[in-house]
Structure formats: structure tokens, C-alpha cells
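What follows is the residue order along each chain.
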Amino acid sequence: RAISSTNLHLRTKNIYVANDDIRDTGYTYVMPNNILKKFITISDLRTQIAGYMYGVSPEDNSMVKEIRCIVMVPQLGTHQGVQLPTQLPQHE
């Protein structure tokens, strides 16, 4: 398990999204490669993790969301789910 977890970052080199999963009716999320790599690197194969995604929409297309950061809050994760705090993070 530890060896498999250390190789997770190598899986980020070839990310593939099937055309069947893309719909014109919903939001389209654009995530920078460095944020995706970091999220995968800190993850585990048997424990689910979660993060709050923050971003913006371009002025010309409100259906596209550009992810700017992922906030990792204290959480309790198992193989079945993740428990997150009920209060969202605040910024001054």
C-alpha cells in the first residue's frame, strides 16, 4: 500500500477524460495541472480525502469554472466517506 501511494504522482502524467462524460448542460471545471498533481500526491489509495475548491468564472462564459485553489480542512476520512467540518473556512 505504501509503495502504491508513493507512485500516485506518476499517474498524473496521463490524465484522460472520456467524451461520454462531457455534457453541454452542466458546468465545465478547468483545473490547473499543478493543483491536480498536488491533490493526487497527498491522497491515499484506501482513504477518501476532500477539499473545498475555490475559483472564478470568466466574464464571457458563466458555465465554465476555473479552479484557483483547493483548501484542505481538517477531516476524518475512511474508505467509505469523509467527514468535513460544518463551518466553511473564513478569510479576513
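Report on the accompanying structure. (Residues numbered from 1 in each chain as written. Predicted model: local features only at pLDDT ≥ 70, side-chain atom pairs only at ≥ 80, totals over all residues. Heavy atoms only, no water.)

## Some remarks on the overall build of the protein
Tallying secondary structure elements over the protein gives two helices and five strands in all. Each helix (α) and strand (β) of the protein, taken in turn from the N terminus, gives the series α-β-α-β-β-β-β. Here the analysis covers contacts within the protein between residues at least 6 apart in sequence; of these, 56% occur between residues at least 24 apart. By element, 52% of the accessible surface of the protein is carried by carbon and sulfur atoms, the whole surface being about 7,800 Å². (Helix = DSSP H or I, 4+ residues; strand = E, 2+ residues; numbered from the N terminus. Contact = heavy atoms within 4.5 Å. Areas by Shrake-Rupley, 256 points an atom, 1.4 Å probe, with all protein chains shown as cover.)

## Remarks on the pairing of strand S3 (residues 64-71)
Consecutive side chains along a regular strand alternate between the two faces of the sheet. Sheet topology places strand S1 (residues 28-30) next to S3; three bridges connect them, and they run parallel. Bridge pairing links Tyr 29 to Lys 65 in S3. Pairing geometry for strand S2 (residues 52-56) and S3, over five bridges, is antiparallel. Paired with Tyr 54 across the bridge in S3 is Cys 69. (Pairing = 2+ DSSP bridges.)

## Here we look at the sheet that holds S2
On the basis of which strands lie adjacent, the open sheet formed by three strands has the order S1-S3-S2 and mixed pairing. Lying at the two open borders of the sheet, with one neighbouring strand each, are S1 and S2. Across the sheet, the axes of successive neighbouring strands diverge by a mean angle of 45°, strand direction being ignored. (Axes fitted to C-alpha atoms, helices over the stretch in contact; angles between N-to-C directions.)

## Concerning the pattern of salt bridges
For the structure shown, the criterion picks out one salt bridge. A salt bridge links Arg 68 to Glu 66; its shortest N-O distance comes to 3.5 Å. The class for Arg 68 is exposed, based on a relative accessible area of 54%. (Salt bridge = Lys/Arg side-chain N within 4 Å of Asp/Glu carboxyl O. Buried < 20%, exposed > 50% of the residue type's maximum accessible area, 1.4 Å probe, protein only.)

## Focus: the packing of aromatic side chains
Working definition: an aromatic ring pair is given by the centre-to-centre distance plus the angle between the planes. Within this structure, the stated rule accounts for one aromatic pair. Taking 6.3 Å as the distance between ring centres and 55° as the angle between the ring planes, the aromatic pair formed by Tyr 27 and Tyr 29 counts as tilted. Tyr 27 sits in the partly exposed class, given a relative accessible area of 46%. (Phe/Tyr/Trp six-rings, centres within 6.5 Å; stacked < 30°, edge-to-face > 60°.)

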